[in-house]
Amino acid sequence: MTAAGVPMMLHPVLRGSLGLALSVAVFAQGRGTPPPGGGGTVPPSPGGSIGTGTRGNTTTFPGTQPNTYPEMAPRPLFLSGKVVMEDGTPPPEPVVIQIVCRATPRSIAYTDSKGSFSADLNDRNSAVFADASEPSTDGLRTTNSGIQARSVCPGQMNLMGAQLQASLAGFRSDVVDLAARHSLDNPDVGTMVLHRLANVEGLTISATSALAPKDAKKALEKARNDTVKQKWQDAQKELEKAVAIYPKYAAAWLALGNVQQQQKNLEGARQSYAQALAADSKFVSPYLELASISAGEQKWPDVADQTDRLLRLNPVDFPQAWFLNAMANYYLGKKEVAEKSAREGVSRDPGHRIPRLNYVLGILLAQKQDYAASAENLRDYMRYAPHAADLDEVKKQLAEVEKALGPEAKKQ
């Protein structure tokens, strides 16, 4: 088999369009079921948006043993502490608190207005929210119908190697080692400081929030509480009140857009996100939300533009934006740009939170007849997304690439 003859013999997805295999429209909607392979939806940002959805997962964390005595409830394992900015002030918006187990972050709480937080790691009834930089890796997420709970590193003896951190795009947090903690220990882990990253302009907190009047802040807080209860119309009224009091309240505009998306009012959401950016052009979360809407509508020039803007402001914290950028450029016929974005996304995703980046890169490399690198990325996708719904299809695609690779495939 000659190299020249290989492309026509490859699977149609390999030699033609990425097509429906990428489920980009589902990925991009940001409020529904994620695509096969744990590509994840685009969750709302904690930086002023409202956490309207969570990812449910009742499985035990890899490497731990399930509770073999269900009649014996585990002891509470409480954690509490505080998060501050480098100047010692509390963050102007809620910050996600995460446990990191084997490089996989799991959100367990938000900070309050004073920067404080608390969580019980063994409480299976407490909802866990996702932030914009933490896409789904388990292929599970609630829809508009409800908030699900999940256990996070359950069990007092299962924190070996676990760490605690605050998560805010554009910043890096102090890290607390949890390996030696037990249920009877003092729950206070102390104060974690958020350190601003160099050369990152775009953030998921808006500079306008600090200037918001008290009544506007109170309305936003009420809206957040209404959202947790899925009272979307009540939340919308409070958010409309907040932006009426303070028209430059970018965080409230973003939250309003998220609530409008929950109610399927995409045009209203699009306008609210535009208002958020008009108030604060370095507030990155609205760009991601706009790109997700545009991708769902297959408006690829808009997706490319919106993700380009986001990634110029913050190329570090949003592998899902690199994914959408790669998709947009692929469909615009700019395959070299698409490949560059996919490669950059993979390099910015050390925790493999967006396995589909490897899949996209594998397809692009197969189309340019770089079969060895293509096979490697397709294998990586299957390894990082072992429960992907399209795994059988990807295995067939990998077999085609390995056939083209010939004897070299046996060395992999």
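Look a little higher up for the structure.
Please read these numbers as outputs of a predicted model, since none were measured by experiment.

A. Summary view of the overall build of the protein chain. Within the protein chain, the regular secondary structure consists of 14 helices and eight strands. Burial status across the protein chain gives 56% buried among its 412 residues. For the protein chain, the share of sequence-separated contacts (at least 6 apart) that also reach a separation of at least 24 residues comes to 68%. Approximately 17800 Å² of the protein chain is accessible, and the part contributed by carbon and sulfur atoms is 52%.

B. Focus on helix α13 (residues 371–384). If you check α13, its first and last C-alpha atoms are 20 Å apart, about what 14 residues at 1.5 Å a residue would give, namely 20 Å. Listed in full, the buried residues belonging to α13 are Tyr371, Ala373, Ser374, Ala375, Asn377, Leu378, Asp380, Tyr381 and Met382.

C. Here's a closer look at the environment of Ala179. Mapped onto the fold, Ala179 is located in the loop between β7 (175–177) and β8 (188–196). On the basis of relative accessibility, which here comes to 26%, the residue Ala179 falls in the partly exposed class. Remark: the alpha-carbon pair of Ala179 and Gly161, spanning 18 residues in sequence, is separated by 5.5 Å.

D. How the structure looks around the pairing of strand β1 (residues 78–85). Among the eight residues of β1, six are classified as buried, and the element is accordingly described as predominantly covered. In this sheet, strand β4 (residues 116–120) lies alongside β1 in antiparallel orientation, the contact comprising five bridges. Looking at β4, one finds that Leu79 is bridged to Ala119. Here five bridges tie β1 to β8, and the two strands are oriented parallel to one another.

E. The packing of aromatic side chains, seen in detail. Scanning the model with the defined rule gives four aromatic pairs in all. On the basis of an interplanar angle of 50° and a centroid distance of 5.5 Å, the ring pair of Tyr246 and Tyr249 is categorised as tilted. Neither Tyr246 nor Tyr249 differs from the other in exposure class; each is buried. Arranged with centres 5.3 Å apart and planes meeting at 45°, the rings of Tyr359 and Tyr381 form a pair that is tilted. Taken together, the residues span a long stretch of sequence, with Tyr359 in helix α12 (residues 356–367) and Tyr381 in helix α13 at a distance of 22 residues. Grouping aromatic residues by their ring pairs yields a cluster made of Trp300, Tyr330 and Tyr331.

Reading the values: the criteria
- Residues numbered from 1 in each chain as written.
- Predicted model: local features only at pLDDT ≥ 70, side-chain atom pairs only at ≥ 80, totals over all residues.
- Heavy atoms only, no water.
- Helix = DSSP H or I, 4+ residues; strand = E, 2+ residues; numbered from the N terminus.
- Buried < 20%, exposed > 50% of the residue type's maximum accessible area, 1.4 Å probe, protein only.
- Contact = heavy atoms within 4.5 Å.
- Areas by Shrake-Rupley, 256 points an atom, 1.4 Å probe, with all protein chains shown as cover.
- Expected span 1.5 Å × (residues − 1).
- Pairing = 2+ DSSP bridges.
- Phe/Tyr/Trp six-rings, centres within 6.5 Å; stacked < 30°, edge-to-face > 60°.

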